[in-house]
Amino acid sequence: MESLWKLLYLLEPAPVTLVVTAVAVTFGSAFRALNYGKEMERNRDLSEASITLDRSQALMIPIMSSCSLLLMFYLFSSVSQLLTAFTAIASVSSLFFCLSPHVAYLKSQFGLADPFVSRCCSKSFTRIQGHVRLPNIKICVMLLVCLFIYDIFWVFFSERFCGANVMVSVATQQASNPVHTVANSLSLPGLQLITKKLELPVKIVFPRNLLGGASPGGNTADFMMLGLGDMAIPSMLLALVLCFDHRKSRETVNLFDLHSSKGHKYIWYALPGYAIGLVTALAAGILTHSPQPALLYLVPSTLGPVIFISWLRKEHVELWEGTMTNLNDKARQIEV
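Residues numbered from 1 in each chain as written. Predicted model: local features only at pLDDT ≥ 70, side-chain atom pairs only at ≥ 80, totals over all residues. Heavy atoms only, no water.

## Considering the nonpolar core
Counting residues in hydrophobic clusters, the biggest one holds 61 residues, and the most contacted among them are Ile137, Cys140, Leu226, Tyr274 and Leu278. Those residues in contact with leucine 278 that sit more than four places away from it in its chain are Leu18, Val19, Ala22, Leu226 and Leu298. (Core = buried A, V, L, I, M, F, W, Y, C linked by side-chain atoms within 4.5 Å. Buried < 20%, exposed > 50% of the residue type's maximum accessible area, 1.4 Å probe, protein only. Contact = heavy atoms within 4.5 Å.)

Here it is, written out as structure tokens:
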């Protein structure tokens, strides 16, 4: 009974903020992917800087991710500065991708000029981003299931083989700050103001005692963590669901249509499922006092409702194979 009382902690600001943030980011990413696919269709540049995942590539992603995880676990100190530089470039590229539609809107509203430098930067960032296309939900399911197994193994079983929880160790390690290294070598003033270590942007972190309250099963220094992959991977499913409904409706869809009969029906099963899975993962962490592989809960809670509802509507074949009109047209493939 005492354990059940601990679940009331889920109503505290920290877990609520984490869930709201993750759901908002996941939904925004999926909706942005749909709009970006339509932008590419209008601009007819679908083949530029894009990769269409096939079955073998989907199977290789967890294997390559495992190799990267082991590399960072054993050789993190040697490659930390390289990782910092890489994540800085990736972060800038991602920020550009998120803000580009808003910049384009401001340009159109205020008649701002598009200088040559801006156009060059835009093309450069587009090439750097290397967008991944998922041709149908079968490939997405294959990817989700493989990453489901990957997440479970590296969180629950890696300690038996490597002597430590590999996933948690890598997620919590701090990289050397290259700015501090350069400033130290050049003996620049203000060195003491530059932090020596950096947290790599691979997770979102919330203090358990966000407002100074006590947290069950931990001390005041504890944090709640959610990997970015736990938002990015479900976003791929949500993006495909949005694309499927967009193809079915053949109508222009905006954010305000989602609640109406013209909106995307499947999104209202996948998105609440994602929130439920996330809350379940947090509850499991509170009850067990141990890290939990979020995909263990997120994959069934998002994929299950979509597959079940599509079976009830007899749309499972279309959803699985993507066998709809103009399916082979690259302009109809989803961008994530």
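There's more to say after this.
## Concerning unusual backbone geometry
Note: most peptide bonds trans; most residues except glycine with negative phi. In this structure, histidine 289 is a non-glycine residue whose phi angle is positive, near 55 degrees. A residue is classified by how much of its surface remains accessible, and histidine 289, at 44% relative accessible area, is partly exposed. Non-glycine residue lysine 314 carries a positive phi angle of around 60 degrees. Position of lysine 314 relative to the elements: it lies in the loop between helix 10 (295–312) and helix 11 (316–321). Lysine 314 sits in the exposed class, given a relative accessible area of 69%. (Helix = DSSP H or I, 4+ residues; strand = E, 2+ residues; numbered from the N terminus.)

## Examining the confidence of the model for the protein
Looking at the protein, the pLDDT average stands at 75 and 70% of residues meet or exceed 70. In this model, residues 124–128 is a region of pLDDT below 50 whose contacts with residues beyond four sequence positions or in other chains number 10 contacts. Low pLDDT, under 50, characterises residues 324–336; the stretch is placed with 44 contacts to residues that sit more than four places away or in other chains. (pLDDT = per-residue confidence, 0-100.)

## Comments concerning helix 10
Taking 1.5 Å per residue, 18 residues should reach 26 Å; helix 10 reaches 25 Å between its end C-alpha atoms and fits that length. Considered for burial, the residues of helix 10 that qualify are Leu295, Tyr297, Leu298, Val299, Ser301, Thr302, Leu303, Val306, Ile309 and Ser310. Those residues of helix 10 that are buried are in contact with helix 5 (137–162), helix 8 (229–249), helix 9 (267–288) and helix 11. In the stretch just after helix 10, lysine 314 is the one whose phi turns positive, near 60 degrees. (Expected span 1.5 Å × (residues − 1).)

## Description of the side chain of glutamate 315
With respect to the helices and strands, the residue glutamate 315 is situated in the loop between helix 10 and helix 11. The class of glutamate 315 is buried, set by a relative accessible area of 16%. If we ignore the near neighbours within four places in the chain, the residues touching glutamate 315 are Phe244, Lys248, Tyr266 and Ser310.

## Some thoughts on the packing of aromatic side chains
According to the stated counting rule, one finds seven aromatic pairs in the structure shown. Here phenylalanine 73 and tyrosine 74 contribute two aromatic rings whose centre-to-centre distance is 4.9 Å and whose plane-to-plane angle is 80 degrees, an arrangement assigned as edge-to-face. A centroid spacing of 5.8 Å and a plane angle of 70 degrees characterise the contact between phenylalanine 244 and tyrosine 266, whose relative ring orientation is edge-to-face. Placement of the pair is phenylalanine 244 in helix 8 and tyrosine 266 in the loop between helix 8 and helix 9, with a sequence separation of 22 residues. What makes phenylalanine 244 buried here is its relative accessible area of 4%. For tyrosine 266, a relative accessible area of 1% puts it in the buried group. Grouping aromatic residues by their ring pairs yields a cluster made of Phe153, Trp154 and Phe161. (Phe/Tyr/Trp six-rings, centres within 6.5 Å; stacked < 30°, edge-to-face > 60°.)

## Some points on the packing of helix 8 against helix 10
At a closest axis distance of 10 Å, the pairing of helix 8 and helix 10 adopts a crossing angle of 5 degrees. In terms of orientation, helix 8 and helix 10 fall into the roughly parallel class. The residues of helix 10 that touch helix 8, namely those facing Asp230, Ile233, Pro234, Leu237 and Val241, are Leu295, Leu298, Thr302, Leu303 and Val306. Considering only residue class, the contact of helix 8 with helix 10 consists of eight nonpolar, one polar and one charged. (Axes fitted to C-alpha atoms, helices over the stretch in contact; angles between N-to-C directions. Parallel < 35°, antiparallel > 145°, perpendicular 65-115°, else oblique. Nonpolar A, V, L, I, M, F, W, Y, C, P; charged D, E, K, R; others polar.)

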